[in-house]
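Working through the structure, step by step
So you can see what is in the structure, the chains are spelled out below.
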Amino acid sequence: MLESEVISCRRCPRLVAWREKVAREKKARHREETYWGKPVPGFGDPQAEVAILGLAPAAHGANRTGRLFTGDRSADFLFAALYRTGFSNLPSSEYAGDGLRLSGLWITAAVRCAPPQNRPTPRERDACLPYARREFSLLPRLKVLVCLGSFAWDAALRIYDVRPRPKFGHGTECETGGVTLLGCYHVSQQNTFTRVLTPMMLDDILLRARALGVKNTNTR
Ligand code: SF4
């Protein structure tokens, strides 16, 4: 099964060492917790028409909680928007087992292990992309992939073998012959604190994704 294969993966020595070091050393305010410290699989609605592709687990977010976009400030921003737009039953994502359910949405990442400085190498990206490729092939209704940031956009272009590769932009759309890629600024604090990405901008992207999902379902 794909999920157990992802969780047990040790293909990238640098990332294995980093994710396990972070899990051992911990952040002071989480020192009583047991960190996940392993690759993080995607999660959500298996009948999703829309998927979100992030960069990689955050060191003290998903690498701690074991669920993508769970337990950090990026998660707070993202899930408030997912709740407003009807993709999530809860407005926050605190820990695995918190009762969160996604509707019509799958969440995953280009790279499954937390990388130092949030920067996987091209070799690490290429080693991990087959997991996302397989994951998407297992979502029979998938029509739209929201790519959070240029790293995820670039990864999606590789997954769907798009050539030439269009430049990333917030709101940029790219047809791949089955799934539409939709660019969105990443929900990192660097973008949300500076209002490069506002709640309204994220809502607009998610509503556009839903509309594209309906349109593509009706026309294919
Ligand atoms: S980043 Fe991906 S390929 Fe590399 S060790 Fe983690 S799960 Fe495996």
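The structure reproduced in this document is the subject of the present report. Residue positions within a chain follow its written sequence, with the count starting from 1. For this predicted model, a pLDDT threshold of at least 70 governs which residues receive local features, and a threshold of 80 or more governs which side-chain atom pairs are given and counted, while totals over whole chains, interfaces and linings are taken from all residues. Values shown for side chains rest on all heavy atoms present in the structure; no hydrogens or waters enter the calculation.

1. So, the overall build of the protein chain
So the rule is basically this: Only runs of H or I of at least four residues qualify as helices and only runs of E of at least two qualify as strands under DSSP, and these elements are numbered from the N terminus. Each radius of gyration reported is based on C-alpha atoms, and the globular scaling rule is 2.2 Å times the count of residues to the power 0.38. In this analysis, two residues are considered to be in contact whenever any of their non-hydrogen atoms come within 4.5 Å of each other. All accessibility values rest on the Shrake-Rupley procedure with a 1.4 Å probe; residue burial counts only the protein chains present in the view.
For the protein chain, the helix and strand inventory stands at eight helices and six strands. When its helices and strands are written in sequence order, the protein chain yields α-α-β-β-α-α-β-α-β-α-β-β-α-α. Here the protein chain has a C-alpha radius of gyration of 16 Å; the compact-globule value for 220 residues is 17 Å, and the two agree. Projecting the C-alpha coordinates of the protein chain onto the three principal axes gives extents of approximately 50 × 35 × 35 Å. Across the protein chain, every contact between residues at least 6 apart in sequence was considered, and the portion connecting residues at least 24 apart equals 68%. With an accessible surface of roughly 10500 Å², the protein chain has 53% of that area assigned to carbon and sulfur atoms.

2. Describing the packing of helix α5 (residues 122–137) against helix α6 (residues 149–159)
Note the cut-off: Helix axes are fitted only over the stretch in contact, all axes being lines through C-alpha atoms; the angle between N-to-C directions runs from 0 to 180 degrees. Angles are sorted into four bins: roughly parallel if under 35 degrees, roughly antiparallel if over 145, roughly perpendicular if 65 to 115, and oblique for all others. By the definition used in this description, the sense in which the near helix is turned from the far one sets the handedness, with an anticlockwise turn below a right angle giving left-handed and a clockwise turn giving right-handed.
Following both chains from N to C, one finds α5 and α6 inclined at 70 degrees, their axes separated by 10 Å at the closest point. By the criterion of interaxial angle, the relationship of α5 to α6 is roughly perpendicular. Here the hand of the crossing between α5 and α6 comes out right-handed. Along the contact surface, α5 presents R125, D126, L129, A132, R133 and F136, while α6 presents F151, D154, A155, R158 and I159.

3. Focus on the pattern of salt bridges
Rule in force here: Any Lys or Arg side-chain nitrogen located within 4 Å of an Asp or Glu carboxyl oxygen qualifies as a salt bridge. Classification of residues uses two cut-offs on accessible area relative to the type maximum, computed with a 1.4 Å probe and protein chains only: under 20% is buried, over 50% is exposed, and between them is partly exposed.
What the rule picks out here adds up to 16 salt bridges. Among the salt bridges present, the one from R14 reaches E124, with a minimum N-O distance of 2.8 Å. Placement of R14 in helix α2 (residues 13–25) and of E124 in helix α5 is noted, with a sequence separation of 110 residues between them. Judged by relative accessible area, which is 6%, E124 ranks as buried. Among the ionic pairs, R64 bridges to E33, the shortest N-O distance being 2.7 Å. Highlighted residues: R64 in helix α3 (residues 62–65) and E33 in the loop between α2 and β1 (43–44), separated in sequence by 31 residues. Of the residues examined, E33 reaches a relative accessible area of 29% and is grouped as partly exposed. Within the structure, one salt-bridge network assembled from shared partners comprises R125, D126, D154 and R158.

4. Focus on the state of the cysteines
Worth spelling out the cut-off: When two cysteine sulfur atoms are found within 2.5 Å, that pair is recorded as a disulfide.
Taken as a whole and judged by the stated rule, the model has zero disulfides. In this structure C184 is a free cysteine whose sulfur lies 9.5 Å from that of C147, the closest cysteine sulfur available.

5. What to know about the site of the ligand
Under the convention used in this document: For this purpose, a residue is taken to be near a molecule or strand whenever a single non-hydrogen atom of the residue falls within 4 Å of it. Lining residues are defined by having an atom within 4 Å of a point belonging to a cavity or pocket. Those points lie on a 1 Å grid over the protein atoms alone, cavities being sets where a 1.4 Å probe fits but cannot get out and pockets being open sets with protein on both sides within 12 Å along at least five of seven lines. Those molecules having more than half of their atoms within 2 Å of a cavity or pocket grid point set are described as sitting in that cavity or pocket. Polar here means any residue outside two lists: the nonpolar Ala, Val, Leu, Ile, Met, Phe, Trp, Tyr, Cys and Pro, and the charged Asp, Glu, Lys and Arg; Gly therefore counts as polar.
Lining the immediate surroundings of the ligand are C9, R11, C12, L15, P39, V111, R112, C113, A127, C128 and Y131. Among the cavities detected, the one that contains the ligand is the largest cavity. Top contributing element to the shell around the ligand by residue count: α5, with three residues. Of the residues belonging to the shell around the ligand, the class tally is nine nonpolar, no polar and two charged.

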